[in-house]
Amino acid sequence: MSWWRHAVIYQVYVWSFADSDGDGIGDLRGVRSRLPYLRELGVDAIWLNPFYPSPQADNGYDVADYRDVDPRFGVLADADDLIHDAHALGLRIIIDLVPNHTSSEHPWFRAALAAPPGAAVRGRYLFRDGRGRYGDRPPNNWTSRFGGRAWTRAPDGQWYLHLFAPQQPDLDWTDDEVRAEFRDILRYWLDRGVDGFRIDVAHGLAKDPQMPDVSAEPGSAHPHWDLDEVHDVYRDWRRILDGYPGDRVFVGEIWVQSTERLALYLRPDELHTAFNFEFLTAPWEAAALRKAVDDSRRALGPVGAPATWVLSNHDVVRHVTRYGGGETGLRRARAAILLMLALPGSAYLYQGEELGLPEVEDLPDEVRRDPVFQRTGGADPGRDGCRVPLPWSAASASLGFGPGPESWLPQPPAWAALTAERQNGDPTSTLNLYRAALALRRDLNGELTWLSTPGGVLAFRRGSGFLCVINVGDSAVRLPAEARSGALLLTSSARVPGDFLPGATAAWYRC
Ligand code: NOJ
């Protein structure tokens with residue numbers, strides 16, 4: 001079976017994983033130095049957030065050069081060395097591809113701005129005349145995902161589209177040069193040995209050429225999200241990937257209205273996998289979690305794609321905090337990971353969740369970098385709170401993140417108790433729970449079969465010899481008979497005596 005059908009993929013947010021040179025920002029050498037940790041954790045692959053040269057207006061999702069490494073993160077040879085070392089340890093590398101937009105500092109966009117309206121080099125982006133007698137009103141009502149309008153006016157009066165920040169102009173994917181360029185970028189990194197690509201905003205590349213206003217009418221087609229034309233791009237890319245040896249993979253970041261729409265991206269000649277955001281956004285409720293699992297399996301089964309599972313990433317509040325924060329949040333998060341890792345399909349872990357890190361909610365305004373914070377005037381705190389550099393050890397003032405005194409976002413003092421070093425020696429730590437679960441997961445196979453359980457409890461078998469029970473509620477419940485007669489393999493919180501499972505606890509049984 002292809003590795004990506006059941007792999008566990010660890011997301012490395014390069015800014016915040018490990019800093020080798022002490023400048024307070026993570027880098028590729030830092031990632032390399034921690035590969036043994038990831039190997040010991042028991043993951044199969046790493047997804048690296050963008051490390052390309054970039055003005056970092058959106059922490060690297062504004063790419064100025066798709067074929068190099070930002071000096072903050074190292075040099076191109078560091079990427080090669082990282083791929084090499086990871087492979088030597090049996091870890092695969094997935095990199096982040098950002099095709100919806102470039103940086104405004106990309107040579108293409110600079111050339112577009114320098115050229116007059118109507119020039120061919122503007123055709124790689126979406127420049128339009130404004131509305132109104134003087135063209136001083138934006139071409140339509142589209143808004144930026146980061147707040148405010150999606151159009152910025154160039155000095156000569158035309159407007160350009162940016163579904164994200166103004167420093168991230170959208171490319172025009174009907175342009176042949178744009179298509180050719182990205183084919184070449186794919187080959188460039190495939191030739192360097194990467195095992196796959198995570199595709200940023202994969203549902204956004206195609207836009208309605210008429211550029212109509214977004215309508216509030218229920219049921220009306222959206223003019224720029226999830227248009228059918230986008231599928232041509234992925235069919236084209238799939239042919240390129242399939243021309244390479246070694247079972248390489250695409251994973252799409254795709255936000256759509258339904259798992260049925262998601263499944264269209266995962267037809268056999270398109271992308272291999274996509275993040276399952278229904279699972280990530282499900283509240284801590286048994287029915288919602290079960291529905292997310294069932295919806296995904298039902299919709300993806302017919303196209304032959306594996307489900308994927310994810311609880312956190314660099315864009316969302318960490319799940320310890322989403323699930324209530326404090327001890328309750330951590331307890332639920334520990335149960336949730338046993339649920340997630342017992343499911344068939346592949347799983348994504350976000351750096352630091354294996355340490356049980358919560359969202360950092362009290363970052364001072366002056367250290368926040370996320371354009372979401374800036375563009376909403378602080379009404380939305382943005383995503384910096386899940387991007388705080390990892391606490392590794394007591395080795396330095398930045399908790400082992402790097403040799404320097406600081407990290408680019410300050411770590412809460414309480415994280416001194418959560419370092420990987422501290423957790424390594426504690427058998428009850430979240431780190432050791434993840435390690436144990438990942439080791440046991442390797443032997444899991446077989447179909448998922450739900451057991452009928454009382455409300456608030458979920459239980460399912462995998463194949464014939466494995467059972468996972470999750471008590472989503474707060475008080476202890478009597479275990480199903482199958483669990484009572486089975487052998488306990490792992491539990492997310494201390495066991496209570498007898499045949500009961502405590503609240504917010506999951507347990508795995510051999511039975
Ligand atoms: C999704 C990425 O995950 C996010 O971090 C980024 O801001 C947007 N796409 C825009 O590229």
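Higher on the page you've got the structure.
Analysis parameters
For every chain, the first residue of the written sequence is number 1, and numbering continues from 1 onward in sequence order. Local features are withheld for residues below a pLDDT of 70 in this predicted model, meaning they are given only at 70 or higher, and side-chain atom pairs are given and counted only at 80 or more; totals for whole chains, interfaces and linings count all residues. Where side-chain values are given, they derive from all heavy atoms of the structure, hydrogens and water being excluded. Runs of H or I in DSSP of at least four residues are treated as helices and runs of E of at least two as strands, each being numbered from the N terminus. Three exposure classes are used, based on accessible area relative to the maximum for each residue type with a 1.4 Å probe and protein chains only: buried under 20%, partly exposed in between, and exposed over 50%. Note on definitions. A residue lies near a molecule or strand when any single heavy atom of the residue is within 4 Å of it. Any pair of nitrogen or oxygen atoms within 3.5 Å is treated as a polar contact; in protein, a donor-acceptor pairing is required on top of that, and neighbouring residues in sequence qualify only through side-chain atoms on both sides. The method behind every accessible area is Shrake-Rupley, applied with a 1.4 Å probe, and residues are considered shielded solely by the protein chains displayed. For two strands to be treated as a pair, DSSP must find no fewer than two bridges joining them.

Novice: Explain the environment of Ala-487 here, please?
Specialist: Mapped onto the secondary structure, Ala-487 falls in strand 16 (residues 487-491). The class for Ala-487 is partly exposed, based on a relative accessible area of 40%. Between the alpha carbons of Ala-487 and Arg-239 there is a distance of 47 Å; along the sequence they are 248 residues apart.

Novice: Just to check I follow, could you spell out the site of the ligand for this structure?
Specialist: The environment of the ligand is formed by 13 residues, the closest being Asp-58, Asp-200, His-314, Asp-315 and Arg-383. The separation between an oxygen atom of the ligand and a polar side-chain atom of His-101 is 3.0 Å. Between the ligand and the protein, one listed contact pairs an oxygen atom with a side-chain N or O atom of His-314 at 2.8 Å. In isolation the ligand exposes 300 Å². Once the protein is present, 98% of that is buried.

Novice: Help me understand the pairing of strand 14 (residues 466-471) in this model?
Specialist: Remark: a regular strand shows side chains that alternate across the two faces of the sheet. Of all the six residues making up strand 14, six are buried; the element is thus mostly covered by neighbouring parts of the structure. Of the two faces of strand 14, the one carrying Phe-466, Cys-468 and Ile-470 and the one carrying Leu-467, Val-469 and Asn-471 are both buried. In the sheet, strand 13 (residues 457-462) pairs with strand 14 via six bridges, with the strands oriented antiparallel. When the bridges of strand 14 are listed, Leu-458 appears paired with Ile-470. Between the end of strand 13 and the start of strand 14, which pair antiparallel, lie three residues, with Gly-463 showing a positive phi angle near 60 degrees. Of the strand pairs in this sheet, strand 14 and strand 18 (residues 505-510) are connected by six bridges, and their pairing is antiparallel.

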